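Examination of the molecular architecture
Residues per chain are reported as follows:
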Amino acid sequence: MKLQVKKPIFAESASLFVNTISEYEDTVLLKKDHWVVDAKSLLGVLAVSLQPGQTVEFDVQGTNEEAIKQSLIEKDLFKEA
């Protein structure tokens with residue numbers, strides 16, 4: 001799934017992002033440009049430096065893709081790409 005970043009994902013928002021993804025047992029990979037990181041890794045998420053307006057791809061390996069998408073949108077971190 002592809003989503004667009006709504007606000008910078010730093011410090012507090014990065015922690016909220018990682019905690020939201022970690023609520024699910026699925027493996028979630030975050031892809032941005034040439035980066036591919038574990039979306040449950042705070043250091044990995046900080047390394048990709050997500051900025052407003054960027055479109056990123058999530059590779060969800062499990063059955064909760066739609067629930068994860070809705071959680072990220074409801075937390076106001078991302079919107080539909």
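None of the values given here were measured: they were computed from a predicted structure.

If you look at the biggest cluster of nonpolar residues, it comprises 23 residues, and the most contacted ones within it are F17, L30, F58, L72 and F78. Of all the secondary structure elements, the ones that give two or more residues to this core are β1 (2-5), α1 (11-22), β2 (27-32), α2 (42-48), β4 (55-61) and α3 (65-74). Among residues more than four places away in sequence, those in contact with F78 are L3, Q4, V5, K6, F17, L50, V56, F58, L72 and I73.

A few words on the sheet that holds β4. Backbone hydrogen bonds are what pair the strands of a sheet, in a parallel or an antiparallel way. Read across the open sheet, the five strands follow the order β3-β2-β4-β1-β5; overall the sheet is antiparallel. With partners counted over all chains shown, the strands left at the sheet margins are β3 (35-38) and β5 (78-80), one partner each. Averaged over all pairs of adjacent strands, the angle between their axes in this sheet comes to 35°, without regard to strand direction. Here β1 pairs with β5 via three bridges, running antiparallel. Residue V5 lies in a different strand from β5, and its bridge partner there is F78. Of the strands in this sheet, β1, β2, β4 and β5 are in contact with α3, which crosses β5 at around 120°.

On to the UniProt feature "domain: HPr" (unreviewed entry) in the chain, then. If you check UniProt for "domain: HPr" (unreviewed entry), the listed places come out as residues 1-81 in our numbering. Taken end to end, residues 1-81 is 36% helix and 30% strand, and its two terminal C-alpha atoms sit 9 Å from one another.

Below, the discussion takes up α3. The set of residues buried in α3 consists of I68, K69, S71 and L72. One face of α3 carries all of its buried residues, which in axial projection span an arc of 165°. Tucked into the core, α3 has its buried residues touching β1, α1, β2, β4 and β5. D76 occupies a position one or two residues after α3 and carries a positive phi of about 65°.

A separate point is the pairing of β2. Across the two faces of β2 the burial differs, with V28, L30 and K32 buried and T27, L29 and K31 not buried at all. As defined by bridge partners, β2 adjoins β3 across four bridges and the pair is classed as antiparallel. Paired with L29 across the bridge in β3 is D38. Between β2 and β3, which follow one another and run antiparallel, lie two residues, and D33 among them has a positive phi close to 55°.

Scoring rules and cut-offs
Residues numbered from 1 in each chain as written. Predicted model: local features only at pLDDT ≥ 70, side-chain atom pairs only at ≥ 80, totals over all residues. Heavy atoms only, no water. Core = buried A, V, L, I, M, F, W, Y, C linked by side-chain atoms within 4.5 Å. Buried < 20%, exposed > 50% of the residue type's maximum accessible area, 1.4 Å probe, protein only. Helix = DSSP H or I, 4+ residues; strand = E, 2+ residues; numbered from the N terminus. Contact = heavy atoms within 4.5 Å. Pairing = 2+ DSSP bridges. Axes fitted to C-alpha atoms, helices over the stretch in contact; angles between N-to-C directions. UniProt positions renumbered as here; feature names shortened; annotations may be inferred. Arc of directions from axis to C-beta.

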